[in-house]
Amino acid sequence: MKQLWCAVSLLAGSLLWSSTAPAQTSASGALLQQMEQASQSLNYEFAYINVSRLGIESLRYRHAVIDNLIYAQLLQMDGPRREVIQRGGDISYFEPGLEPFSLPGNHIIDALPPVIYADFSKLANDYDFIPVGRARIADQMCEVVRIVSRDGTRYSYVVWLDVDTKLPLRIDLLDRDGETLEQFRVISFAVDEGVRNLMTGLQKANLPPSLSVPEGDKVTLDWKPAWLPAGMKAVSQSRRNIPAMNKTVESRLYSDGLFSFAINVTTADKSSVNQTLRTGRRTVQIKVSDNREITVVGELPPSTAKRIADSIDSGAQK
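These numbers come from a predicted model, not from an experiment. (Residues numbered from 1 in each chain as written. Predicted model: local features only at pLDDT ≥ 70, side-chain atom pairs only at ≥ 80, totals over all residues. Heavy atoms only, no water.)

Trainee: Any chance you could break down the overall build of the protein chain for me, citing the residues and the numbers?
Mentor: The number of helices and strands found in the protein chain is 5 helices and 17 strands. Looking at the protein chain as a whole, 45% of its 318 residues qualify as buried. At a minimum sequence separation of 6, the contacts of the protein chain that also span at least 24 residues come to 50%. Summed over its atoms, the accessible surface of the protein chain is roughly 16400 Å², and 52% of this surface lies on carbon and sulfur atoms. (Helix = DSSP H or I, 4+ residues; strand = E, 2+ residues; numbered from the N terminus. Buried < 20%, exposed > 50% of the residue type's maximum accessible area, 1.4 Å probe, protein only. Contact = heavy atoms within 4.5 Å. Areas by Shrake-Rupley, 256 points an atom, 1.4 Å probe, with all protein chains shown as cover.)

See the structure below:
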């Protein structure tokens, strides 16, 4: 749900971007860094909704720091009970019909905008942090900041930060036309020791053991993209066999600390066709070239995904 005042404010923020921008960027970047710190250090509870093209989710998130360890709980409020629990460096998942399991992690990523945990000091070279003004969310006054990639190749965020706590009370993900793809919106929240007391039971809770994630074999791939959005860096690469498809898939994962995507390359077959698919923030771009099927999938606008796919040297394998 986009509001007229928001669109006007964002336009004004862009038009008023002037020679004072460096100071504003520094102040807004520091404000966003305070958001990340507050989200990891305070004892609080959110009741919120996630709005996307797929529908509306109603959720509750609790976070507390006990004896220097982070404890968190994410609970889906409607339908079958789905719950994610963090205790220190372990994230445990509980879903109907599935055996509970745990994975190592620093924070719960499910149903929470990844921008909350971004390191904005590292993003400052490739993103502008534009102050938009103030607005009221969940009966609290908020500072509003827009996050825009300088090369215009990625989506943008608008973040509403509580003036007092610096916690995010609303986050909109916008496409390049300014349309809202996803919205995180807090309905009510509390910041107090009562939340910490509620979470103390997790200290002795019987949680499933953490699964070990095997390290992949080091591989050398004979292809790579000739063009990437500014700030994107390779995170990992792999080669794996898929018996069901009788194929070998080579993959590279990239991230700039805010958005990420993967490039998968495999041998083309009769079903391989050029196509573009987008669902919310995720785009799938498939290109067939020189008997290879190149797939770019991740948090990118379709035009950016296509440019990456087109830049890959898809010559014969060595």
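Trainee: Lay out the pattern of salt bridges with the relevant residues and their values.
Mentor: Going through the model one piece at a time under the given rule, you end up with 17 salt bridges. Measuring nitrogen to oxygen at the nearest pair gives 3.0 Å for the salt bridge that ties Arg-134 to Glu-143. On the basis of relative accessibility, which here comes to 23%, the residue Glu-143 falls in the partly exposed class. Measuring nitrogen to oxygen at the nearest pair gives 3.0 Å for the salt bridge that ties Arg-154 to Asp-151. (Salt bridge = Lys/Arg side-chain N within 4 Å of Asp/Glu carboxyl O.)

Trainee: Tell me what's going on with empty space enclosed by the protein, and back it up with residues and numbers.
Mentor: If a probe as big as a water molecule is rolled over the atoms, it shows which places are left empty. All told, the structure shown has 2 cavities of 30 Å³ or more when counted by the stated rule. Of the pockets and cavities examined, the largest cavity occupies roughly 40 Å³. Residue composition of the lining of the largest cavity, grouped by class: 6 nonpolar, 1 polar and no charged. (1 Å grid on protein atoms, 1.4 Å probe; cavity = no way out; pocket = protein on both sides within 12 Å on 5 of 7 lines; lining within 4 Å. Points joined across faces, edges and corners; volume = space filled by probe spheres on them. Nonpolar A, V, L, I, M, F, W, Y, C, P; charged D, E, K, R; others polar.)

Trainee: Describe the sheet that holds strand β1 (residues 44–52), and please don't skip the residues or the numbers.
Mentor: Reading across from one edge, β6-β5-β4-β3-β2-β1-β11-β10-β9-β8-β7 is the order of the 11 strands in this open sheet, with antiparallel pairing throughout. Of all strands in the sheet, those bounded by a partner on one side alone are β6 (101–104) and β7 (127–137). Going across the sheet, the axis of each strand differs from the next one's by a mean of 15°, ignoring polarity. Strand direction decides the pairing type here: β7 and strand β8 (residues 140–149), joined by 10 bridges, are antiparallel. (Pairing = 2+ DSSP bridges. Axes fitted to C-alpha atoms, helices over the stretch in contact; angles between N-to-C directions.)

Trainee: Describe the side chain of Arg-60, naming the residues involved and giving the relevant values.
Mentor: Following the sequence through the fold, Arg-60 ends up in strand β2 (residues 55–66). Side chain to side chain, Arg-60 and Gln-73 meet in a polar contact 3.0 Å long. Not counting chain neighbours up to four residues away, the residues in contact with Arg-60 comprise Glu-45, Phe-46, Tyr-48, Gln-73, Leu-74, Leu-75 and Met-77. (Polar contact = N/O pair within 3.5 Å; in protein donor to acceptor, adjacent residues only side chain to side chain.)

Trainee: Give a detailed account of unusual backbone geometry, specifying residues and quantitative values.
Mentor: Of all residues except glycine, most have a negative phi; of all peptide bonds, most are trans. One non-glycine residue, Asp-67, adopts positive backbone phi at about 50°. Unusually for a residue other than glycine, Asp-290 sits at a positive phi of about 50°. Counting through the fold element by element, Asp-290 comes out in the loop between β16 (282–289) and β17 (292–298).

Trainee: Please set out the pairing of strand β4 (residues 83–87) residue by residue, giving values where relevant.
Mentor: Counting buried positions along β4 gives 4 out of 5 residues, so the element sits mostly inside the fold. The sheet contact formed by strand β3 (residues 69–76) and β4 spans 5 bridges and is antiparallel. Across the sheet, Ala-72 pairs through a bridge with Gln-86, a residue of β4. The turn joining β3 and β4, which pair antiparallel and follow one another in sequence, is formed by 6 residues; a positive phi near 75° is taken by Gly-79. As judged from the 5 bridges shared by β4 and strand β5 (residues 90–94), these two strands associate in the antiparallel manner.

Trainee: Could you give an account of the sheet that holds β17, with specific residues and numbers?
Mentor: In spatial order, the strands read β12-β13-β14-β17-β16-β15; together these 6 strands make up an open sheet with antiparallel pairing. Each edge of the sheet is formed by a strand with only one pairing partner; in this case those strands are β12 (233–242) and β15 (275–279). Strand-to-strand, the axes of this sheet are offset by a mean angle of 15°, without reference to chain direction. Here β15 runs beside β16; their pairing, made up of 5 bridges, is antiparallel. By the bridge assignment for β16, Arg-278 is matched with Thr-283. Strands β14 (260–267), β15, β16 and β17 of the sheet are contacted by helix α5 (residues 302–310), whose axis makes an angle of about 30° with β16.

Trainee: Tell me about the nonpolar core, residues and numbers included.
Mentor: Among the nonpolar cores identified, the biggest contains 62 residues, and Tyr-61, Ile-147 and Ile-263 are the most heavily contacted of them. The leading source of residues in this core is strand β9 (residues 156–162), at 5 residues. Contact partners of Ile-147, with chain neighbours within four places excluded, come to Leu-32, Val-115, Phe-120, Tyr-127, Asp-128, Phe-129, Ser-156, Tyr-157, Val-159 and Leu-258. Judged by nonpolar contacts, the second largest core, of 8 residues, contains Ile-66, Tyr-71, Met-199 and Leu-207. (Core = buried A, V, L, I, M, F, W, Y, C linked by side-chain atoms within 4.5 Å.)

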